[in-house]
Amino acid sequence: MEELDGEPTVTLIPGMNSQKKQMCFDWGPGEMLVCETSFNKKEKSEVVPGCLLIYIVRKDVDVYSQILRKLFNESHGIFVGLQRIEEELTGKSRKAQLVRVSKNYRSVIRACMEEMHQVAIAAKDPASGRQFSSQVSILSAMELIWNLCEILFIEVAPAGPLLLHLLDWVRLHVCEVDSLSADVLGSENPSKHESFWNLVTVLVLQGRLDEARQMLSREADASPTSAGMCRILGDLMRTMPVLSPGNTQTLTELELKWQHWHEECERHLQDGTFASSPHLESLCKIMLGDEAALLEQKKLLSNWYHFLVTRLLYSHPTVKPMDLYFYAQSSLDLFLGGESSPEPLDNILMAAFEFDIHQVIKECSIALSNWWFVAHLTDLLDHCKLLQSHNLYFGSNMREFLLLEYASGLFAHHSLWQLGVDYFDYCPELGRVSLELHIERIPLSTEQKALKVLRVCEQRQMTEQVRSICKILAMKAVRNNRLGSALSWSIRAKDAAFATLVSDRFLRDYCERGCFSDLDLIDNLGPAMMLSDRLTFLGKYREFHRLYGEKRFVDAASLLLSLMTSQIAPRSFWMTLLTDALPLLEQKQVIFSAEQTYELMRCLEDLTSGKPVCGEPDPQRLQDDDVETTKVEMLRLALARNLARSIIKEGSLEGS
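These figures come from a predicted structure and were not determined experimentally.

Draft legend 1. Expanded view of the overall build of the chain. Within the chain, the secondary structure is distributed over 31 helices and three strands. For the chain, buried positions account for 46% of its 656 residues. Partitioning the intrachain contacts of the chain with sequence separation of at least 6 by distance along the chain shows that 62% fall at a separation of at least 24. Of the roughly 34200 Å² of accessible surface on the chain, 52% is carried by carbon and sulfur atoms.

Right, here's the structure in full:
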C-alpha cells in the first residue's frame, strides 16, 4: 500500500477543545458531524450541563460557492460531450477535437476567474475580499497548469512549435505588461515615463519584439543622441529568426540563421555599440540569453517559469520536449538562488516538464481544495490514451477513482447532485454501485425533488431504489393525511403491504365520514387494484357506489354480495356492507333473489354469532351496543321481508 506524502490536514473547529471535552463523530457522504458528548472524559457518567453544540465539517466547501457552481455546471456539459463523441474520434481529427475540448475547459476556468476577480474588487468586507482573491489565485494556478498540460500532453508540440506554445503560455499568464503598457502609452511623453524602460524590457523578456521596436522608435524620436543605437537594436529585433506557424523552413535552417543572428548581436556588444546606454546594453545582453542579465530582471520576470521560457527563447529556441526538464530544473534553481524552497505550484509544473503525468495529478490532488481539476484533467488525458496502464492498488483505474470522488462531492449539494449522476454513469466499474449508495442518501425535502430522483432511478432500472423512494414518499403522505398521494406512491412502489395499510385508512375514513376522498384516483386504479386484496376491495367497493348512483341496482347488488362471499372484504367491514344492502332490500322491485338473500342472512349470522378475529367487531359487543343491535334487527327484518317477496316472485314466475 502506498505511503502518505505527509500528515493529513488538521481542521480546527471553533469552540471545540478536545483536551477538555469528549467528542463524537458521524461521517456522511460529503460531510462530517462533530458534537460534544454528554459525558466527561473521566469514568464518571455525569451529564455535562449546558447546551450541546453540533458542528458540520464539509469535505468539499467549494460546491457551495455561487461562482464555482458555474464552473461545475459549464464543465459538466463539456465532460458529457467528450464522452459521447469518443467513438467518433480518429486520427488527426481526434487530436484537434481533444485540443478543442481542453481549450473549452480553460475558457470556463478563465470566465470564473474573471467573475471572481470582479467580486473580490467589489467586496465590502475585507475578509470576504481576501477569500475571493485567494480563489482567484487558485483558479489562475489551475488554468496555468492545465494550459501547460495541454501543450505538453495533448498538443504534443515538437521542437520549434514547442517554444511558440510556451511563449503564448507565459504571455497569457503573466499579463501585468498590458496594464503597464496602458500607463506608459497613456502619458504625455511615454519615453520619459518612469516605467518606460521597464515596459521595453518586459516586452523583450516575453519575445514581443515588434512592440519593443515600436517603443524604441519613440525613444529614438525623443532622444536624437540614442537614435542610432535604437535603430541598430531595432534591426536586431526585426531580424531575429523565429519559426512561425506557417513557415516551412526546417529546424536545421532555423538553427543556422539563429546562430548567425546570435553572433551579430555578440559582435555589437563586444564592439561597445550600446556602451553609452545601459538600458540598450542590458536589452542586448538579454537577447543574447545572458543568465546574469536575465536574473537582474527577476522583479520583472516575477517567476521562474517566465525566466525559463525567456532563457529558452534567446539561448535554445529549438529545444526538444525531452530536454525541457533539465532547463526547467536549472532555471528554478537559478531563479530561487537557494533563498527559498519551491512551492506546491512549482512542484506541479516541474512534474509536467518532466512528463510525469501521474505526479502532476498526485500533486494537484494534494494542493487543490476540490476534485474538479484532477477529475476533468485526468478524464481528458485518459481520452488521449496516456493513462491506460495505470491502475490503482485497490482495483479501480485513476480516472474512475477521481471521477467518483468528484461526483461524491457534488452529491453533498442540494442541487448539484444532478450533475454527479452523469459522472457516475461514465464510471463503468464502480459508477453504478456508487450511484445507488449516494442516491439513497439524498434528502427528499420536496415532492418535486423526489420526482427528479425517481426519474433518475427509473431511467437506470434501479428497481430497489425506486421502491425505497416511493415507500418514503408514501409514509410522508400518510403522516400528512394525504391518503390519495400515499396510495399512489405505494402502487408505484408495488408495495402490497403498504397499499393494504392505506386502503384500510381509506375504508376507516369512509366509515367515519360517509364518503370517499380522492375519487379520481380510486375510480382509475385499473390493473393496479390487483396489487393487494384490500386495494381490490377498495376499488370494487367504490364501483358498487358508482353503480348504485347510476341506479343499476341489480349489478350493484351482485357486486356487493360477491364482495362478501368471496372473502375479499374484511369481516370488520361486513356490517357496513350489510347496511349498504338495506336500501336495496327496501326497493319496490325485488333486487336480491332468494338464494342471494340466504347468502346475506348467512353472512349476518356469521358476523353476530361467530368468534371474534383480531381487528374484527366482537359479536358480544354487537349485541350490547344499542345502535348495532338496532341495525341487526333492521337487517333481519329487511332480509325476511325480501326473502318472502323473492320467493313469491320466483314462484309466480315458475307457475306462469
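Draft legend 2. The arrangement of the packing of aromatic side chains in detail. The final tally for this structure, using the stated rule, is 19 aromatic pairs. Each ring, one from Phe 79 and one from Tyr 426, has its centre 6.0 Å from the other, and the planes form 80°; the classification is edge-to-face. Pair noted here: Phe 79 is in helix H1 (residues 66-85) and Tyr 426 is in the loop between helix H19 (417-425) and helix H20 (431-439), with a separation of 347 residues, a long-range link. The exposure class assigned to Phe 79 is buried, which follows from its relative accessible area of 0%. Exposure remark for Tyr 426: the relative accessible area of 26% places this residue in the partly exposed category. Measuring from centroid to centroid gives 5.0 Å for Tyr 105 and Trp 146, while their planes differ by 50°, and the two rings are tilted. Here Tyr 105 is found in helix H2 (residues 91-122), whereas its partner Trp 146 is found in helix H3 (residues 126-155), with 41 residues between them in sequence. Like Tyr 105, the residue Trp 146 is buried in the burial classification. Aromatic rings pair up to connect Phe 72, Phe 79, Tyr 406, Tyr 423 and Tyr 426 into one cluster. The ring of Phe 335 carries Lys 298 above its face, with NZ or CZ at 5.2 Å from the centroid.

Draft legend 3. Representation of the nonpolar core within the structure. Judged by nonpolar contacts, the single largest core of 187 residues is most densely connected at Leu 166, Trp 169, Leu 233, Trp 304, Phe 353, Trp 372 and Phe 373. Broken down by element, this core gets its largest block of residues, twelve residues, from H3. Among all residues touching Leu 233, those that are not within four sequence positions of it are Leu 216, Phe 274, Leu 280, Leu 283, Cys 284 and Met 287.

Draft legend 4. A look at the layout of surface pockets. Approximately 330 Å³ is the volume attributed to the second largest pocket. Arg 171, Gly 207, Leu 209, Asp 210 and Val 242 are the residues nearest the centre of the second largest pocket, which is lined by 17 residues in total. Sorting the residues of the lining of the second largest pocket by element identifies helix H4 (161-173), helix H7 (209-222) and helix H8 (227-239) as the ones contributing at least two each. Counting residues per element, the lining of the second largest pocket draws most heavily on H4, which supplies four residues. Residue classes in the lining of the second largest pocket are distributed as nine nonpolar, two polar and six charged.

Draft legend 5. Representation of empty space enclosed by the protein in the model. If you walk through the whole model with that rule in mind, you get three cavities of 30 Å³ or more. Gly 160, Leu 163, Leu 164, Leu 167, Met 240, Pro 241, Val 242, Leu 243, Leu 254, Leu 313 and Pro 317 together form the lining of the largest cavity. The biggest single contributor to the lining of the largest cavity is H4, with three residues. Its residues placed into classes, the lining of the largest cavity shows ten nonpolar, one polar and no charged.

Draft legend 6. How the structure looks around the side chain of Arg 208. When you line up the elements, Arg 208 lands in the loop between helix H6 (196-205) and H7. Reaching out from Arg 208, the side chain makes a polar contact with the side chain of Glu 211 at a distance of 2.9 Å. In this structure Arg 208 touches Arg 171, Val 177, Asp 178 and Leu 203, once residues within four positions along its chain are discounted.

Draft legend 7. Here's a closer look at the pattern of salt bridges. Within the structure shown, the criterion is met by 17 salt bridges. Put simply, Asp 235 and Arg 238 hold a salt bridge, and the shortest N to O gap is 3.5 Å. With a gap of three residues between them, Asp 235 and Arg 238 both fall in helix H8, about one helical turn apart. Classification of Asp 235 by relative accessible area gives partly exposed; the value is 28%. Connected through salt bridges with shared partners, the residues Lys 103, Arg 106, Arg 110, Glu 143 and Glu 150 form a single ionic network.

Draft legend 8. Main features of helix H5 (residues 176-185). For H5, the complete set of buried residues consists of Val 177, Ser 181 and Val 184. One face of H5 carries all of its buried residues, which in axial projection span an arc of 70°. Opposite the buried face of H5, at more than 90 degrees from it, the exposed residues are Glu 176 and Ala 182. Looking at the buried positions of H5, the neighbouring elements they touch are H6 and H7.

Draft legend 9. Summary view of the packing of helix H13 (residues 304-315) against helix H14 (residues 324-336). Contact geometry of H13 with H14 gives a least axis separation of 9 Å together with a crossing angle of 125°. With respect to each other, H13 and H14 are oriented oblique. By crossing handedness, the relation of H13 to H14 is classed as right-handed. Facing H13, whose interface residues are Trp 304, Phe 307, Leu 308, Arg 311 and Leu 312, H14 presents Leu 324, Tyr 327, Ala 328, Ser 330, Ser 331, Leu 332, Leu 334 and Phe 335.

Reading the values: rules and limits
Residues numbered from 1 in each chain as written. Predicted model: local features only at pLDDT ≥ 70, side-chain atom pairs only at ≥ 80, totals over all residues. Heavy atoms only, no water. Helix = DSSP H or I, 4+ residues; strand = E, 2+ residues; numbered from the N terminus. Buried < 20%, exposed > 50% of the residue type's maximum accessible area, 1.4 Å probe, protein only. Contact = heavy atoms within 4.5 Å. Areas by Shrake-Rupley, 256 points an atom, 1.4 Å probe, with all protein chains shown as cover. Phe/Tyr/Trp six-rings, centres within 6.5 Å; stacked < 30°, edge-to-face > 60°. Lys NZ or Arg CZ within 6 Å of the ring centre and 35° of its normal. Core = buried A, V, L, I, M, F, W, Y, C linked by side-chain atoms within 4.5 Å. 1 Å grid on protein atoms, 1.4 Å probe; cavity = no way out; pocket = protein on both sides within 12 Å on 5 of 7 lines; lining within 4 Å. Points joined across faces, edges and corners; volume = space filled by probe spheres on them. Nonpolar A, V, L, I, M, F, W, Y, C, P; charged D, E, K, R; others polar. Polar contact = N/O pair within 3.5 Å; in protein donor to acceptor, adjacent residues only side chain to side chain. Salt bridge = Lys/Arg side-chain N within 4 Å of Asp/Glu carboxyl O. Arc of directions from axis to C-beta. Axes fitted to C-alpha atoms, helices over the stretch in contact; angles between N-to-C directions. Parallel < 35°, antiparallel > 145°, perpendicular 65-115°, else oblique. Left-handed = near helix turned anticlockwise from the far one by under 90°.

Keep in mind these values describe shape, not function.
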